[in-house]
Structure formats: structure tokens, C-alpha cells
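# Examining the three-dimensional arrangement
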Amino acid sequence: MNELTLSTPALLFSAISLIMLAYTNRFLAYAAVVRNLKEKFLQQKDEALLLQINNLKKRLYLTRSMQIYGITSLLLCVLTMFLIYVGQHNLAVWVFGLALLLLILSLGFLIREIQISVDALNHHLNDIENHLNKK
């Protein structure tokens with residue numbers, strides 16, 4: 001890629017910003033669920049709540065990784081723009097490539113987190129079905 005211009009990394013700004021907003025919303029939702037589960041666990045000390053807490057811990061770590069890689073990708077896009085501005089085009093190409101790889105990693109962590117979330121929701125749905133079948 002010989003013709004990397006300022007507009008190329010700038011295109012990722014809006015995409016990464018929207019992704020980061022979605023990641024932050026997920027994180028805030030998990031924080032509310034964790035606080036709620038803590039209250040329930042202090043009252044009930046139920047084993048099922050411990051499983052939910054462990055599941056949420058995994059999802060929080062994945063969300064943290066998603067955010068770190070996404071933010072680093074955005075930072076490298078800014079660095080790419082600076083390198084283009086100061087005439088370091090060859091280095092800018094490599095830095096931009098790294099930014100793209102980090103964004104790919106961030107999205108990969110998102111896919112894994114979604115899989116875990118769906119598994120957790122399916123577990124809840126199965127509990128509901130089992131409860132209904134007992135009646």
C-alpha cells in the first residue's frame with residue numbers, strides 16, 4: 001500500500017468510536033448486573049448465582065480486552081495520521097496495519113463474548129422451560 005492518505009485511517013474513527021460506545025454500554029450493563037447479583041448472593045448464597053457471577057467475570061475480562069484493543073487501534077490510527085503528516089509514509093503503513101490487526105482482535109473478543117452471553121441466556125431459558133415442565 002503505497003498511497004496511504006490522511007483520510008484512510010480517519011475513516012476508522014467513526015467506526016471505532018461507535019464500537020467503543022457499544023463496548024462501554026455492555027460494560028455498564030454488566031456492572032449493573034454484577035451489583036444486582038452481589039445483593040442476591042449476599043441474601044441467598046445460591047450455587048446458581050455463583051455460576052452466573054463466574055460467567056460475568058469471563059465476560060467482563062473479554063469486554064476489557066475488547067476495549068483495550070479497540071482504544072489502542074484508535075490510538076494507532078491517530079499515530080498513523082501523524083506519521084503521514086510528518087512524511088513517514090513507510091512507517092505509517094506498518095502502524096496502520098497494526099491498528100487494523102488490533103481492531104480485528106477486538107472484534108474477535110466481541111465474537112467470543114457474544115457466544116458466552118448467548119450460552120448464559122440459553123441456560124436461563126432452559127431453567128424457565130424446566131420450571132414450566134414441572135408444573
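All values derive from a computational prediction rather than experimental measurement.

## With respect to the overall build of the protein
Of the regular secondary structure elements, the protein holds three helices and zero strands. Starting at the N terminus and walking to the C terminus, you meet the elements of the protein as α-α-α. Principal axes of the C-alpha set define a box for the protein whose edges measure 70 × 30 × 20 Å. Across the 135 residues of the protein, 27% fall into the buried class. For the protein, long-range pairs separated by at least 24 residues make up 78% of all intrachain contacts whose partners lie at least 6 apart in sequence. Carbon and sulfur atoms provide 65% of the accessible area of the protein, an area that totals close to 9200 Å². Between the mean site of the 12 positive side-chain charges and the mean site of the 8 negative ones, the protein shows a separation of 6 Å.

## Structural notes on the environment of L76
Here L76 is to be found in helix α2 (residues 47-85). Each C-alpha atom of the pair L76 and N55 lies 32 Å from the other, and the pair is 21 residues apart in sequence. Not counting residues up to four positions away in its chain, the partners in contact with L76 are V95, L98, A99 and L102.

## Observations regarding the side chain of R59
Summarising the element assignment, R59 is placed in helix α2. Classification of R59 as buried rests on a relative accessible area of 13%. In contact with R59, not counting residues within four places along its chain, are Y30, E113, I116, S117 and A120.

## Describing a nonpolar patch on the surface
Taken together, L6, L79, F82, Y85 and V86 make up a surface patch of nonpolar side chains, about 510 Å² in accessible area. Following the sequence through the fold, F82 ends up in helix α2. By relative accessible area, which is 49% here, F82 ends up partly exposed.

## Comments concerning the side chain of S106
Here S106 shows up in helix α3 (residues 89-134). Contact partners of S106, with chain neighbours within four places excluded, come to Y23, M66, Y69 and G70.

Thresholds, definitions, all that
- Residues numbered from 1 in each chain as written.
- Predicted model: local features only at pLDDT ≥ 70, side-chain atom pairs only at ≥ 80, totals over all residues.
- Heavy atoms only, no water.
- Helix = DSSP H or I, 4+ residues; strand = E, 2+ residues; numbered from the N terminus.
- Buried < 20%, exposed > 50% of the residue type's maximum accessible area, 1.4 Å probe, protein only.
- Contact = heavy atoms within 4.5 Å.
- Areas by Shrake-Rupley, 256 points an atom, 1.4 Å probe, with all protein chains shown as cover.
- Lys, Arg positive; Asp, Glu negative; His and termini not counted.
- Charge placed at Lys NZ, Arg CZ, Asp CG, Glu CD.
- Patch = residues over 30% accessible without salt bridge, like charges linked within 9 Å, V, L, I, M, F, W, Y side chains within 5 Å.
- Salt bridge = Lys/Arg side-chain N within 4 Å of Asp/Glu carboxyl O.

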